[in-house]
Amino acid sequence: MRRYLGLPLTIAGLAAASMGLAACGGDDSSSGSSGSSGSSASASSDLPPGAYDPAQKPAPGKAGGVGTMLASSDVDYMDPGQAYYQFSFLVLEATQRRLYYFQPNDATKVIPDIAEGDPVISDGNKTVTVKLKKGVKFSPPVDREVTSKDIKYAISRLFTKTSPGGYTNYFDFIEGAPSSLQAKTPDIKGIETPDDQTLIFKLTKPYAAQLVQSFVLPYTAPVPEEYASKFDKNNPSTYQDNVVSTGPYMVKNNAKGKIDGVGWKKTKSITLVRNPNWDKATDFRPAYADGWNIKTDVTDANVAARQVLDGSHMLLDTNPPANILEQLATKTKDQYTQTPSGGFRYFSMNNDIKPFDDVNVRRAVIAGFNRDAARKARGGKFVGPIPTHYLTEGFPGYEQAGGEKGFDVDFMNYPKGNAEVSAKYFKAAGYASGKYEGKEQLLMVGANADPGKAAAQVAANEFKRMGFNVRLRLVPQDAVYNEWCGQRTKKVAICGTAGWFKDFNDASTLLQVPFYGGAIPKEKGQVSYNLSYLNDPAVNKAVEAALPTTGEERLKAWAAVDKAIVMAAPAVPFVADKTTDVRSKDVAGVPSSFNSLWDLNFTSLK
């Protein structure tokens, strides 16, 4: 195992370290080939139809045309600082540039985007310097070149009450970063802009490795203060209704820059058009199509999948229902790609609410839960394995966490449930019958469209079978986190539609935000992505010990975090899934291995 402790350290070194970590994960079984994505020819034909081939490079596409995407829900936010959903990332990949990013087929090798080259890390991993390219411009009506101050403003505004960011745990160790949300945009002294092309980050802790990797997230997309500040004065900020772009595409706007009701008809459609200020010479993305029309009001996933399969120049935004998955695997083998999501799906149990404040109750639920039934609701064996822990196959730290077997913990060892083990834990919690005996009604919230709806319904039945009085409420997917499960005051006992996927190729992104007590927002109204509100001392201590580590030590440290989470039993993990992307025959679709959905910048129309 290589270690990168020498200074200065560059992002190339970190990327190489990340690739090394992945190799130490011990699973490269997904390496190989497939001809299914519309990309160039594969190196081998070992993979089954639809399997994602990380070695495959996108073939040159045909320029021109406007494609259509059918989506089951809207973005959570159009504001790049607040967006968190996979689908939002898909839109932002096309409309916003950030400091660093990836080629679509390789989410382990970070490459400069707005940055001119690799960052330089110095001062014992406590200073990071980034130089920016010249010639990157904002879309109309801003129409000027991006400077370092635009990225400083983009980060600083995330510490305000009007536009709070969801990633602040990745950079709250910057010198001067506020510990709570502010009424006005703070001037963070640890982000220096000595000239228009230079950013210097000064850190209070040696966390440069994590900070640099987080630069791929959309929070580093520049925001022009002179334009956005008038929207940021509103509470909440209305910048997302007037957002400007730096990517190949922009959301269609009017002359004043307003997109709300123009190119973004909320819950109905998003219209992406060419950004006239995008200079191809500064970007690695080809952006073949002239634009994309995205319908965000699809309610019947079955119908939508069939429209895409039978239609022309169309894409589906995410996993089709289980019956379509089977059809794809057996009959329509050349119209889909399955990409490892680098994450898991789970049903969280709210530790704030009785009886889930008792770890033995939570363990009893996991032990007795037929997780295979929930997986079947999403597509069964076609969507991925049932996990025994939270680090997924091939991810850095996976082998150190026990690989497929995990930690050999009895309540996690039975994918179809084990009534005897479940009863043992219920009895330990004081329920002599071996089932839950309380009568209070518990609120479960799930998505109102398949496949999330089907999985939530299975989960509700499983809880009821174990004695719980569950009331299942189904809401649109984009409301599940922001309006329900992520709002502590809503007192959602069980989140029936939850999935967590990597932010980048480091175990911290899988485990820290959804399970670390320090990641639970203190401000009322701010969304918590720790959906179980787990604040377990052992988990917190393990996370804090793992954050500053590097190399082999980091793999072991995050494996220890993984084990602490398993023992705390905050959720029922039921699939480490692959994302299935569906396309029409006349689309050369290219998936993003970072986001696992289609990459509109590389996808072309035949």
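These figures come from a predicted structure and were not determined experimentally.

With that settled, consider the packing of helix H9 (residues 371-378) against helix H11 (residues 452-465). Direction vectors running N to C along H9 and H11 enclose 160 degrees, while the axes themselves pass 8 Å from each other. On the basis of the axis angle, H9 is roughly antiparallel to H11. Handedness of the crossing formed by H9 with H11: right-handed. Across the interface between the two elements, Ala-373, Ala-374, Ala-377 and Arg-378 of H9 pack against Gly-452, Ala-454, Ala-455 and Val-458 of H11. Of the residues that constitute the contact of H9 with H11, the class distribution is six nonpolar, one polar and one charged.

This part covers the packing of aromatic side chains. Applying the stated rule across the entire model yields 31 aromatic pairs. Summarising the aromatic geometry, the rings of Tyr-84 and Trp-500 are spaced 5.7 Å apart at their centres and angled 35 degrees between planes, so their arrangement reads as tilted. Taken as a pair, Tyr-84 in the loop between strand S2 (66-70) and helix H2 (86-95) and Trp-500 in strand S18 (residues 494-501) lie far apart in primary sequence, 416 residues in all. In terms of burial, Tyr-84 and Trp-500 fall into one category: buried. Every member of this aromatic cluster is reached through a ring pair, and the members are Phe-347, Phe-356, Phe-369, Phe-426, Tyr-431, Tyr-436, Phe-463, Phe-468 and Phe-574. Taking NZ or CZ as reference, Lys-490 lies 4.3 Å from the ring centre of Trp-484, over its face.

Turning next to the sheet that holds strand S17 (residues 469-475). The strand order across the open sheet built from five strands is S17-S16-S18-S15-S19, with neighbouring strands paired in mixed fashion. Strand pairing shows two members of the sheet lacking a second neighbour, S17 and strand S19 (571-575), which therefore form its edges. Between one strand axis and the next, the sheet turns by 30 degrees as a mean value, whatever way the strands run. Bridge count for strand S16 (residues 441-447) against S17 is seven bridges, and the pairing is parallel. Paired with Gly-446 across the bridge in S17 is Leu-474. Taken strand by strand, H11 contacts strand S15 (343-349), S16, S17, S18 and S19, and its axis lies near 170 degrees from that of S17.

Here the structure, examined in full by the defined rule, presents 22 salt bridges. Arg-488 is the salt-bridge partner of Asp-352, the closest N and O atoms lying 2.6 Å from each other. Of the two residues, Asp-352 sits in the loop between S15 and helix H8 (359-368) while Arg-488 sits in the loop between helix H12 (477-485) and S18, which places them 136 residues apart along the sequence. The class of Asp-352 is partly exposed, set by a relative accessible area of 39%. Its salt-bridge partner being Lys-354, residue Asp-357 comes within 3.0 Å of it at the nearest N-O pair. For Lys-354, a relative accessible area of 60% translates into the label exposed. Several salt bridges converge on common partners, so that one network encompasses Arg-97, Asp-113, Asp-283 and Arg-285.

Glancing now at the packing of helix H6 (residues 301-310) against helix H7 (residues 322-330). Running from N to C, H6 and H7 point in directions that differ by 25 degrees, and their axes come no closer than 9 Å. When the interaxial angle is binned, H6 and H7 end up roughly parallel. By crossing handedness, the relation of H6 to H7 is classed as right-handed. Across the interface between the two elements, Asn-302, Ala-305, Arg-306 and Leu-309 from H6 touch Asn-323, Ile-324, Gln-327 and Leu-328 from H7. Its residues assigned to classes, the contact of H6 with H7 shows four nonpolar, three polar and one charged.

Turning our eyes to something else, we now look at helix H13 (residues 507-515). With nine of nine residues buried, H13 lies mostly within the body of the structure. Contact partners of the buried residues in H13: helix H4 (208-214), S15, S18, helix H14 (537-546) and helix H15 (551-568).

Bringing the nonpolar core into the picture now. Counting 162 residues, the largest nonpolar core has Phe-201 and Phe-468 as the members making the most contacts within it. Looking at this core, the element that brings in the most residues is H15, giving eight residues. Apart from residues no more than four positions distant in its own chain, Phe-201 is found in contact with Lys-126, Thr-127, Val-128, Val-130, Ile-155, Ile-174, Gly-190, Ile-191, Leu-211 and Phe-215.

Relative to the assigned elements, Arg-362 resides in helix H8. Buried and unpaired, Arg-362 has no salt bridge, with Asp-536 as the nearest side chain of opposite charge at 5.4 Å. Reaching out from Arg-362, the side chain makes a polar contact with the backbone oxygen of Ala-569 at a distance of 3.1 Å.

Cut-offs applied
- Residues numbered from 1 in each chain as written.
- Predicted model: local features only at pLDDT ≥ 70, side-chain atom pairs only at ≥ 80, totals over all residues.
- Heavy atoms only, no water.
- Axes fitted to C-alpha atoms, helices over the stretch in contact; angles between N-to-C directions.
- Helix = DSSP H or I, 4+ residues; strand = E, 2+ residues; numbered from the N terminus.
- Parallel < 35°, antiparallel > 145°, perpendicular 65-115°, else oblique.
- Left-handed = near helix turned anticlockwise from the far one by under 90°.
- Contact = heavy atoms within 4.5 Å.
- Nonpolar A, V, L, I, M, F, W, Y, C, P; charged D, E, K, R; others polar.
- Phe/Tyr/Trp six-rings, centres within 6.5 Å; stacked < 30°, edge-to-face > 60°.
- Buried < 20%, exposed > 50% of the residue type's maximum accessible area, 1.4 Å probe, protein only.
- Lys NZ or Arg CZ within 6 Å of the ring centre and 35° of its normal.
- Pairing = 2+ DSSP bridges.
- Salt bridge = Lys/Arg side-chain N within 4 Å of Asp/Glu carboxyl O.
- Core = buried A, V, L, I, M, F, W, Y, C linked by side-chain atoms within 4.5 Å.
- Lys, Arg positive; Asp, Glu negative; His and termini not counted.
- Polar contact = N/O pair within 3.5 Å; in protein donor to acceptor, adjacent residues only side chain to side chain.

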